[in-house]
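# Coordinate inspection notes
For reference, the chains in residue letters:
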Amino acid sequence: MSEGPLSRPLTGTVHVGGAKNSALKLMAAALLAPGRSVITNVPDILDVEVMARLLERLGCRVHVEHPAVADLGAAATDQNLSGTVTIDVPEELDHEAPYDLVRRLRASISVLGPLVARCGRARVALPGGDNIGSRGLDMHIRGLELLGARLSIEHGFVVAEVPDRLAGANLWLDFPSVGATENLVMAAVLAPGTTVIDNVAREPEIIDLCEMLGAMGARIDGISSSTLTIEGVDRLAPVTHATVTDRIVAGTWAFAAAIAGGDLTVAGGCAHHLDIVLDKLTSTGAAVHAADDGFRISVSERLGSFDVVTLPYPGFPTDLQPFAMTLAAVSDGTAMITENVFEARFMFAQELARLGADLRTDGHHAVVRGKPCLSGAPVVAHDIRAGAALVLAGLAAEGTTTVTQSQHIDRGYPHFVEVLRGLGVDIARVSVADVDR
Ligand code: UD1
């Protein structure tokens, strides 16, 4: 660690609400039980609206509500602005998830398992979502087939049919895929008999989903381990369930303090879900302390660098890799970053290089040599995390940084600009016409 310019230190409190990657799946899980389910602590982001529209197309009535505040700037740093989604699920669901909605939201694929279980058939358009890699569906498809469904890809749709009925089976995943684990669990809870799924993902969002399913009446053993054993039941009941807090948003704020310097309290941030991340930050010179409801991170000097290898939970999360790369670009030392989960995440490296970062990529490795400061430039956000990381890189860059396609950021970060402004950052949303002028 050495002295160096830490521009625009961030001081104050940020509030972390419910996790996007959990709330969207909990909304899909509501499909499994006719009646009214209520999901609380839902983040105020575009993806939740898109998922709500999708559930409506499947026959549900959905109401999304967030706290109304007079001054969003002040409220964004003072309180958790998460809201509530109320979903009325009919006895008879429509079974087709159309392309116009699915292409806007990768997580739409998580209606596949519930539709197969509830309707015995599904037509789900192949998803779009972030530009971070090919994102295969082979494990979803293979697992559902072993449970008794027949699947095919036809004209851009995943088409599933259950010729007889679903039945419990022994399944395994080649890789602990988050999405495949979720879809298979949601199908298996209504499949008669015993299903054992090996090598499942163990992310906190999976545990959250299993806990909601348990409250609905599902019988799932081994929650938070690598093997889930599920006894199928005939019917589930609707529930009210609070979404787990967003570890990726909490981790983003930890990196924000690490990159810009300062003293941030991350209220609602679960330090335990970020063990490996906070430990890395501590090893480079950041001071991290547990706070009443969350954690506090203080950074008063330029940090040292650290190597990163992304892995399924509890390994270093791929969603925080762009932030680690940004920190490495301004830290004192050289870092090796290895991306094992999404091959295209390094598209972000090209944008970071436009801000003057000294880095080289080779396959799924990147070597980043830190320098005291970056240099502001126009850059493009290719996905949610890359967009937020480019904004944080702008905090450590001399001059003005303009991030276009910033709508990606709004898909994952509630009121990102307002929160940063509340922390004293000189940041504004401008229309594309103003950027081009
Ligand atoms: C979810 C998260 C994403 C996070 C990722 C890993 C949501 C909406 N998104 O994505 O933010 O980065 O978990 O923590 O929750 N794969 C296959 N075949 C399959 C399934 C996956 O090859 O059938 C591959 C994917 O292409 C990818 C890797 O496995 O390379 C991991 O994917 P997965 O864990 O399924 O991530 P998602 O559920 O898509």
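Residues numbered from 1 in each chain as written. Predicted model: local features only at pLDDT ≥ 70, side-chain atom pairs only at ≥ 80, totals over all residues. Heavy atoms only, no water.

Any two side chains of opposite charge can pair if their charged atoms end up close together. Within this structure, the stated rule accounts for 16 salt bridges. Between Asp88 and Arg36 there is a salt bridge, and its shortest N-O distance comes to 2.9 Å. Taken together, the positions of Asp88 in strand 4 (residues 83-89) and Arg36 in strand 2 (residues 35-42) put the pair 52 residues apart, joining distant regions of the chain. The exposure class of Asp88 is buried, given its relative accessible area of 17%. Residue Arg36 is classed as exposed on the basis of its relative accessible area of 51%. Here Arg247 ties to Glu205 by a salt bridge, and the two come within 2.8 Å at their closest N and O atoms. Separated by 42 residues along the polypeptide, Arg247 in helix 9 (residues 247-260) and Glu205 in helix 8 (residues 204-216) bring together distant segments of the chain. Exposure remark for Arg247: the relative accessible area of 8% places this residue in the buried category. By relative accessible area, Glu205 is classed as buried at 6%. One network of salt bridges, with partners in common, ties together Asp319, Arg345, Asp383 and Arg385. (Salt bridge = Lys/Arg side-chain N within 4 Å of Asp/Glu carboxyl O. Helix = DSSP H or I, 4+ residues; strand = E, 2+ residues; numbered from the N terminus. Buried < 20%, exposed > 50% of the residue type's maximum accessible area, 1.4 Å probe, protein only.)

A few words now on the site of the ligand. In the neighbourhood of the ligand, 20 residues make up the surrounding shell, with Lys25, Asp138, Ser177, Asp319 and Val341 lying closest. The contact in question runs from an oxygen atom of the ligand to an N or O atom on the backbone of Val341, over 2.5 Å. When the free accessible area of the ligand is taken as 740 Å², the share hidden by the protein chains comes to 86%. Taken together, the elements giving at least two residues each to the shell around the ligand come down to helix 1 (20-29), helix 6 (138-146) and helix 7 (178-188). (Near = heavy atom within 4 Å. Polar contact = N/O pair within 3.5 Å; in protein donor to acceptor, adjacent residues only side chain to side chain. Areas by Shrake-Rupley, 256 points an atom, 1.4 Å probe, with all protein chains shown as cover.)

Note that every value here comes from positions in space, so none of it alone points to a role or purpose.
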